[in-house]
Amino acid sequence: PSFICRRPEGCNSVSCDVSCEDAPAGYYPDLTDCKSYCFCTSSAAPSRYETCQHGLYYDPLGWSEGKHQKSFQWMNGKWGPGTYWGSNGGICNWKRNVKDDRPKQCGN
């Protein structure tokens, strides 16, 4: 695959530039780190690799405990569940609120 969301080499910060190559605009979890994700712009604007802080985990569907609903949707086709797990948004959330079916090898 041309794009996989991973911490860029030399990235020692909570936010770093990342190359998303051919990925459409969206949010892609780092499947090796449940607290990190890539925000891809699909434009001249910089794309970013971000890591949630203060014990929070990346939640690609934005589960709201108060509303008992998701705020975002998986992308369709190869960019969605089962491959890149891209969504149209995401938030940093408490681990107990992350309700998705991503593979669990991300070190959570």
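Worth saying up front: this structure is predicted, and the values here are computed from it rather than measured. What you see as residue numbers is a count from 1 along each chain, following the sequence as written. Only residues with pLDDT of at least 70 are given local features in this predicted model, and only at 80 or more are side-chain atom pairs given and counted; all residues enter the totals for whole chains, interfaces and linings. Note: side-chain values were computed over all heavy atoms of the structure, leaving out hydrogens and water.

**Details of the side chain of Thr-51**
Just so we agree on the cut-off: Starting at the N terminus, helices and strands are each numbered in turn, a helix being any DSSP run of H or I of at least four residues and a strand any DSSP run of E of at least two. Throughout this description, a polar contact denotes any pair of N or O atoms lying within 3.5 Å of each other; where both atoms belong to protein, one of them has to be capable of donating a hydrogen while the other can accept it, and for residues adjacent in sequence the pair is counted only when both atoms sit in side chains. Throughout, a contact is declared for two residues whenever any of their heavy atoms are within 4.5 Å.
Within the secondary structure, Thr-51 sits in strand β4 (residues 47-51). Of note is the side chain of Thr-51, whose polar atom sits 2.8 Å from the side chain of Ser-36. Aside from chain neighbours lying at most four places away, what touches Thr-51 is Arg-7, Val-14, Lys-35 and Ser-36.

**What about the nonpolar core?**
This is how the line gets drawn: Take the buried Ala, Val, Leu, Ile, Met, Phe, Trp, Tyr and Cys residues and link them wherever side-chain atoms come within 4.5 Å; each set so joined is a nonpolar core. Throughout this description, buried means an accessible area under 20% of the type-specific maximum (1.4 Å probe, protein chains only), exposed means over 50%, and partly exposed covers the range between.
If you look at the biggest cluster of nonpolar residues, it comprises 14 residues, and the most contacted ones within it are Phe-3, Ala-23, Tyr-28, Cys-38, Cys-40 and Trp-79. Of all the elements in the fold, those that place two or more residues in this core are β1 (15-18) and β3 (36-40). If we skip the residues at most four places from it in the chain, Ala-23 touches Phe-3, Tyr-28, Cys-40, Ser-42 and Trp-79.

**A look at the state of the cysteines**
For the record, the criterion: Cysteine sulfur pairs qualify as disulfides if the two atoms are within 2.5 Å.
By the definition in use, this model includes four disulfides. Across a sulfur-sulfur distance of 2.0 Å, Cys-11 and Cys-16 are joined as a disulfide pair. Handedness here is read from the sign of the S-S torsion; for Cys-11 and Cys-16, about 80 degrees, the answer is right-handed. Grouping residues by exposure puts Cys-11 and Cys-16 together as buried. Between the sulfur atoms of Cys-20 and its disulfide mate Cys-40 the distance is 2.1 Å. Linking Cys-20 and Cys-40, the disulfide has an S-S dihedral of approximately -75 degrees and is accordingly described as left-handed. Of the two residues, Cys-20 is situated in the loop between β1 and β2 (26-29) and Cys-40 in strand β3; the sequence distance between them amounts to 20 residues.

**What about the environment of Ala-25?**
In this fold, Ala-25 is placed in the loop between β1 and β2. A relative accessible area of 43% places Ala-25 in the partly exposed class. Along the primary structure Ala-25 and Gly-66 are separated by 41 residues, whereas in three dimensions their C-alpha atoms are 28 Å apart. The residues touching Ala-25, leaving out its near neighbours within four places in the chain, are Cys-40, Thr-41, Ser-42 and Met-75.

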